[in-house]
Amino acid sequence: MLSFVRSAHRARMPGSPADPERPLVPRRLYFVAAGLVALLNGWTFAVALGMGVPGLLIGALYALPVTVSWYRPMAAWWIMLGLLLLAMVLNVDDWGPWLLSELIAQAPVVFTLALVSTRRVAAVVFLITLAAGVLSELWVRTGQPHVVQAMVNWGLGLLAVMMIGHNLKTRRLSTLRVAEEHGKRRLLEERARIARELHDLVAHHMSVIAVQAATAEYRLKGGVSGEVLQEFRDINGAASASLAEMRQLLDALRDGRDDSPSASQPRLEGLAELAESARRAGTPVRLELPERTLEVSAATSLTVYRIVQEALSNVIKHANGAATLVTIGLDGGNLVVEVVNEAGVKSVPGSGYGLVGMRERVTLAGGELFAGALTDGRYAVRAVLPQEAK
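Since this is a predicted model, take the numbers as computed values, not measurements.

**Q** Please clarify how the environment of Asn167 should be interpreted in this entry.
**A** Of note, Asn167 is situated in helix α8 (residues 145-219). Between the C-alpha atom of Asn167 and that of Ala114, which follows or precedes it by 53 residues, the distance is 8.8 Å.

**Q** Would you take a moment to explain the pattern of salt bridges for this structure?
**A** Pairs can form between side chains of opposite charge whenever their charged atoms are close. On inspection of all chains with the given rule, the structure shows 4 salt bridges. When the shortest N-O distance is used, the salt bridge between Arg279 and Glu276 registers 2.9 Å. Remark: Glu276 and Arg279 occur in helix α10 (residues 271-280); sequence separation between them is 3 residues, near one turn of the helix. In this structure, the salt-bridge partner of Glu288 is Arg286, at a minimum N-O distance of 2.4 Å. Judged by relative accessible area, which is 47%, Arg286 ranks as partly exposed.

**Q** I'm lost on the packing of aromatic side chains in this one. Help?
**A** To describe a pair of aromatic rings, you give the distance between the ring centres and the angle between the ring planes. A complete count under the given rule lists 2 aromatic pairs for this structure. Seen from their ring centres, Trp70 and Tyr71 are 5.2 Å apart, and the 75 degrees between their planes marks the pair as edge-to-face. A relative accessible area of 14% means that Trp70 is categorised as buried. Classification of Tyr71 by relative accessible area gives partly exposed; the value is 32%. The ring of Trp70 is capped by Arg27, whose NZ or CZ atom sits 5.1 Å from the centre of that ring.

**Q** Would you mind going over the packing of helix α4 (residues 63-71) against helix α6 (residues 100-116) with me for this structure?
**A** When two helices pack together, you describe them by how their axes are tilted relative to each other and by the distance separating the axes. At a minimum axis separation of 8 Å, α4 and α6 run at an interaxial angle of 15 degrees. Taken as axis vectors, α4 and α6 run roughly parallel relative to one another. In this structure, the crossing between α4 and α6 has a hand that is left-handed. Residues Pro65, Val66 and Ser69 of α4 form the contact with α6, whose own contacting residues are Ala105, Pro108, Val109 and Thr112. Taken together, the residues that form the contact of α4 with α6 break down as 5 nonpolar, 2 polar and no charged.

**Q** In this structure, what is going on with a nonpolar patch on the surface? I would like to understand it.
**A** Where nonpolar side chains cluster on the molecular surface, the patch consists of Val148, Val152, Leu156, Leu159 and Met163 and spans about 410 Å² of accessible area. Secondary-structure assignment places Met163 in helix α8.

**Q** Just to check I follow, could you spell out the confidence of the model for the protein chain for this structure?
**A** Looking at the protein chain as a whole, its pLDDT mean stands at 79, while 81% of the residues score no less than 70. Note that pLDDT drops below 50 for residues 258-263; the model gives that stretch 10 contacts with residues more than four away or on any other chain. Note on residues 346-351: pLDDT is under 50 here. Beyond four places in sequence and across chains, it has 9 contacts.

**Q** Please explain the environment of Phe370 as it appears in this structure.
**A** On the secondary structure map, Phe370 appears in strand β4 (residues 368-373). Here Phe370 falls in the partly exposed class, since its relative accessible area comes to 40%. C-alpha of Phe370 to C-alpha of Met358: the two residues are 12 residues apart in sequence and 10.0 Å apart in space. When neighbours within four sequence positions are excluded, Phe370 is seen to be in contact with Ala380, Val381 and Arg382.

What counts and how
The numbers attached to residues start from 1 for each chain and follow its sequence in the written order. This being a predicted model, a pLDDT of at least 70 is required before a residue's local features are given, and a value of 80 or more before pairs of side-chain atoms are given or counted; all residues contribute to the totals for chains, interfaces and linings. Only hydrogens and water are removed before side-chain values are computed, so all heavy atoms of the structure are retained for them. Helix numbers and strand numbers start at the N terminus; a helix is a DSSP run of H or I with at least 4 residues, a strand a run of E with at least 2. Any Lys or Arg side-chain nitrogen located within 4 Å of an Asp or Glu carboxyl oxygen qualifies as a salt bridge. For the exposure calls, accessible area comes from a 1.4 Å probe over protein chains only, and a residue counts as buried if that area is under 20% of its type's maximum, exposed if over 50%, partly exposed in between. A pair of aromatic rings is counted whenever rings of Phe, Tyr or Trp (Trp by its six-membered ring) have centres within 6.5 Å, and the orientation is called stacked for planes under 30 degrees apart, edge-to-face for over 60 and tilted otherwise. By definition, being over a ring means that NZ of Lys or CZ of Arg is both within 6 Å of the ring centre and within 35 degrees of the ring normal. Helix axes use the C-alpha atoms of the stretch in contact, all axes being lines fitted to C-alpha atoms, and the angles between their N-to-C directions lie in the range 0 to 180 degrees. Relative orientations are named as follows: roughly parallel for angles under 35 degrees, roughly antiparallel for angles over 145 degrees, roughly perpendicular for angles from 65 to 115 degrees, and oblique for any other angle. Crossings are classed by handedness, with left-handed meaning an anticlockwise turn of the near helix from the far one by less than a right angle and right-handed meaning a clockwise turn. Note on contacts: a residue pair qualifies if any of its non-hydrogen atoms lie within 4.5 Å across the two residues. All residues other than Ala, Val, Leu, Ile, Met, Phe, Trp, Tyr, Cys, Pro, Asp, Glu, Lys and Arg, Gly among them, are scored as polar; the first ten of these are nonpolar and the last four charged. For patch building, the residue pool is restricted to those with more than 30% relative accessible area and no salt bridge; the joining distance is 9 Å between like charges and 5 Å between nonpolar side chains (Val, Leu, Ile, Met, Phe, Trp, Tyr). To measure how exposed things are, a 1.4 Å probe is used in the Shrake-Rupley method; for residues, cover is taken only from the protein chains shown. For every residue, the predictor states its confidence as a pLDDT score lying anywhere from 0 to 100.

Below, the structure written as structure tokens:
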């Protein structure tokens, strides 16, 4: 029971499925609602019920739980319940929880509790609130038919508001589950694509090993001994077997698609053409490369190309026309790739899966990746890859 109460008090406004940093319901809406509640209840108590200035103060009290509910939903409900019981104790004429003005004040609190709490907590809150309203009627009323009908309408109104909050919570959780599943699928697809590309590189080297081992006895002058010849044949057999196993793995990864494993893979030499294609798309790109030729492995070369390709693609989609600088250089024993663009003139929504692919490639290469906004408003992608010999 204690854990049940503790969990209810820890409930807070959840984040939006699209952006966890942004609340699902904006805080400013609660401030606007609190102002309207204060005005409506102030007028009801001061004018409609003839309470004068004290009525204005009481009406202002009803804005408190509405404001607090965004920060502490359960605490706001306790305040709301206290105001409901206060009406019973003061026994003010025609003052009861079934008034429309009070229902409007209670609705945001009940809605928020249903949105942030479990179904069990919401049910308990609803039953206690309903019981407090019935107790108020028994305390100050005589069970007149119109009052009973008003209380039934009040209870149904609270139930409807609670169901709306619960449905919004269910939709949010469903959206999060779908997004998580979609993200996992895209991640697996990206890993499979990376595996296919790496297969092409490894298969090429293994083919060279197999051919060299098979032809060694004909290329070496003076011939080779039987023991050495057997070694070459073993190397050839191991390389051929590895190639066959990799092709089987690739067939499974390809899942019936017809992308060819023998297609040539892009290298660092293709970065100039990549930058030129981005310029033709309307994004001014400046490419800075080391003066001397970089000696890196084929896998690292492919990784660098794909990172730059995806980063430029993101610039074109999200900040088309922004000046972009692509820098590739050496920092100690690491190869550093940076793509930095100025603030864009156009932005379109994106899925964010391009960053997933970049991060997977950098992780496979044993490096680190940073992607995010800089303090001066620019956006940067920076990958640090261990340098390997070609």
